[in-house]
Amino acid sequence: MKKSIKEALNWAKEQLSEACERPLFEAELLLSYHLGKERIYLFLQEKEEVNDFEAFMKLVERRAKHEPYEYITGKVSFYDINLAVEEGVLIPRPETEILIELTAQIIQKEHITQIAEIGVGSGAISIMLARMFPQLKIVATDICEAPLRVAQKNIETFGLTEQIELRQSNLIDKVSEPVELVISNPPYIAEDCLLASNVVDYEPKEALFGGRVGDELLKQIILDVKDKGIKWLACEMGYDQKEPLQVFVNEVGVESIEFYKDLAGLDRGFIIKFP
Ligand SMILES: C[S@@+](CC[C@H](N)C(=O)[O-])C[C@H]1O[C@@H](n2cnc3c(N)ncnc32)[C@H](O)[C@@H]1O
């Protein structure tokens with residue numbers, strides 16, 4: 001089948017109208033990806049014939065079934081970089097940048113040089129922190145193999161193998177180094193929570209669900225970090241978990257806990273300092 005760029009975009013926009021809020025924009029992104037060109041090229045060369053239109057159709061059909069754009073193209077933009085992702089690895093979310101910024105402030109203020117990350121996923125958090133602090137050493141764990149493989153690839157792409165060591169581990173069970181801070185964006189969604197199709201049908205369950213209530217892994221992380229005598233813990237959490245976690249840390253005993261909000265004004269995480 002032969003189609004010009006303009007015709008291909010109109011066709012794709014139609015196909016994506018149900019699945020996407022901005023069907024034309026997503027059609028443009030997919031066509032730019034297919035052609036290996038910038039979006040501007042589509043407007044300048046709208047009469048040009050699309051090479052291998054059938055392959056482009058397949059990309060559009062995947063997106064029309066709600067597959068996330070990032071899994072189709074195999075990459076996600078995070079801060080100023082592109083990271084590889086694939087099915088089985090969580091697509092890093094913009095709100096995680098807040099967790100990184102707050103943690104970076106502690107690392108700087110406290111002159112921290114050794115940290116651990118729980119649940120490395122694509123490597124987004126560890127890679128950003130390693131880039132911000134060239135002296136920082138990070139042990140990053142994940143329980144699943146796919147994230148560890150993809151994180152390793154991303155770490156190599158950014159030349160950070162000297163700074164970040166990956167380890168397959170349940171939480172920090174296999175971290176015996178004297179780390180001063182633990183950072184984590186763990187699974188924290190309740191098992192029965194209804195999620196959008198692009199999330200629940202494609203993103204890994206191990207990265208999303210934290211247990212029946214949702215905060216079970218967060219609570220275990222708090223206990224593990226305390227048991228290992230680590231001073232700082234920075235975590236992302238669900239918008240409705242502030243209260244139960246406050247009650248929990250009151251029982252556990254911490255020097256301080258500060259909750260933070262995301263850009264939508266929802267409770268999104270906390271920083272704990274242990275005595
Ligand atoms: C929400 S994702 C976060 C990924 C990445 N850090 C990010 O922010 O984009 C949670 C990650 O924790 C991992 N995970 C789940 N349970 C775990 C456990 N018990 N121990 C270590 N990692 C775990 C998942 O495989 C997943 O990669």
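This is a predicted model, so every value here is computed, not measured. (Residues numbered from 1 in each chain as written. Predicted model: local features only at pLDDT ≥ 70, side-chain atom pairs only at ≥ 80, totals over all residues. Heavy atoms only, no water.)

*Asks:* For helix α7 (residues 124-132), give the residues involved together with the corresponding values.
*Replies:* Summarising burial for α7: 7 of the 9 residues are buried, a large majority. By the burial criterion, the buried members of α7 are Ala-124, Ile-125, Ser-126, Ile-127, Met-128, Leu-129 and Ala-130. (Buried < 20%, exposed > 50% of the residue type's maximum accessible area, 1.4 Å probe, protein only. Helix = DSSP H or I, 4+ residues; strand = E, 2+ residues; numbered from the N terminus.)

*Asks:* If you had to explain the pairing of strand β6 (residues 181-184) to someone new, which residues and values would you point to?
*Replies:* The side-chain alternation of β6 yields two buried faces, one formed by Leu-181 and Ile-183 and the other by Val-182 and Ser-184. Of the pairings in the sheet, the one linking strand β3 (residues 114-118) to β6 comprises 4 bridges and is parallel in character. In the strand pairing of β6, Ile-115 is matched with Leu-181. In this structure, β6 lies alongside strand β9 (residues 232-236), joined through 4 bridges in parallel fashion. Residue Leu-181 lies in a different strand from β9, and its bridge partner there is Trp-232. (Pairing = 2+ DSSP bridges.)

*Asks:* Which residues make up the nonpolar core, and what values go with them?
*Replies:* Of all hydrophobic cores here, the largest spans 43 residues; its most connected members are Ile-115, Leu-129 and Ile-164. Not counting residues within four places of it along the chain, the set of residues in contact with Ile-115 comprises Ile-107, Leu-129, Leu-136, Lys-137, Ile-138, Val-139, Val-179, Leu-181 and Ile-183. Among the nonpolar cores identified, the runner-up in size contains 31 residues, and Val-139, Val-199, Val-225 and Phe-259 belong to it. (Core = buried A, V, L, I, M, F, W, Y, C linked by side-chain atoms within 4.5 Å. Contact = heavy atoms within 4.5 Å.)

*Asks:* Which residues make up the pairing of β9, and what values do they have?
*Replies:* Among the 5 residues that make up β9, 5 are buried, leaving the element largely enclosed by the rest of the structure. Going residue by residue along β9, you find Trp-232, Ala-234 and Glu-236 tucked away on one face and Leu-233 and Cys-235 tucked away on the opposite face as well.

*Asks:* Explain the site of the ligand to me, and be specific about the residues and the numbers.
*Replies:* Contacts to the ligand come from 21 residues, most closely from Gly-119, Asp-142, Asn-170, Leu-171 and Asn-185. In this structure, a nitrogen atom belonging to the ligand sits 2.8 Å away from a side-chain N or O atom of Asn-170. Take Asn-185: an N or O atom from its side chain is 2.9 Å from an oxygen atom of the ligand. About the coverage of the ligand: the protein hides 95% of its 600 Å² of free accessible area. Because more than half of its atoms lie within 2 Å of the grid, the ligand is assigned to the largest pocket. Grouping the constituent residues of the shell around the ligand by class yields 12 nonpolar, 6 polar and 3 charged. (Near = heavy atom within 4 Å. Polar contact = N/O pair within 3.5 Å; in protein donor to acceptor, adjacent residues only side chain to side chain. Areas by Shrake-Rupley, 256 points an atom, 1.4 Å probe, with all protein chains shown as cover. 1 Å grid on protein atoms, 1.4 Å probe; cavity = no way out; pocket = protein on both sides within 12 Å on 5 of 7 lines; lining within 4 Å. Sits in = over half its atoms within 2 Å of the grid points. Nonpolar A, V, L, I, M, F, W, Y, C, P; charged D, E, K, R; others polar.)

*Asks:* Now, about the layout of surface pockets: what can you tell me, with residues and values included?
*Replies:* In this structure, the largest pocket occupies an estimated 970 Å³ of space. Lining the largest pocket we find 46 residues, and of these Pro-186, Pro-187, Tyr-188, Ala-207 and Leu-208 sit closest to its centre. When residues of the lining of the largest pocket are traced back to their parent elements, those giving at least two are β3, α7, β4 (137-142), β7 (189-190), α10 (205-208) and α11 (216-227). In terms of residue count, the dominant contributor to the lining of the largest pocket is α10 (3 residues). Residues belonging to the lining of the largest pocket are distributed by class as follows: 26 nonpolar, 12 polar and 8 charged. One number sums up the size of the second largest pocket: a volume of about 550 Å³. In terms of lining residues, the second largest pocket is bounded by 24 residues, among which Arg-63, Tyr-69, Glu-70, Ile-91 and Asn-198 are the most central. For the lining of the second largest pocket, the secondary-structure elements that each account for two or more residues are α2 (23-35), α5 (69-73), β1 (75-78) and α9 (197-200). The residue inventory of the lining of the second largest pocket, partitioned by class, reads 13 nonpolar, 4 polar and 7 charged. Split by domain, the lining of the second largest pocket shows at least three residues from each of two domains, domain 1 (5-65) and domain 2 (96-273). (Points joined across faces, edges and corners; volume = space filled by probe spheres on them. Domains from an automatic or database assignment.)

*Asks:* Lay out unusual backbone geometry in plain terms, naming residues and giving numbers.
*Replies:* Despite not being glycine, His-66 shows a phi value in the positive range, around 80°. As for its placement among the helices and strands, His-66 is situated in the loop between α4 (53-64) and α5. At Tyr-79, a residue that is not glycine, the phi angle is positive and equals roughly 50°. Here Tyr-79 lies in the loop between β1 and β2 (81-84). Look at Tyr-79 and you get partly exposed, because its relative accessible area is 25%.

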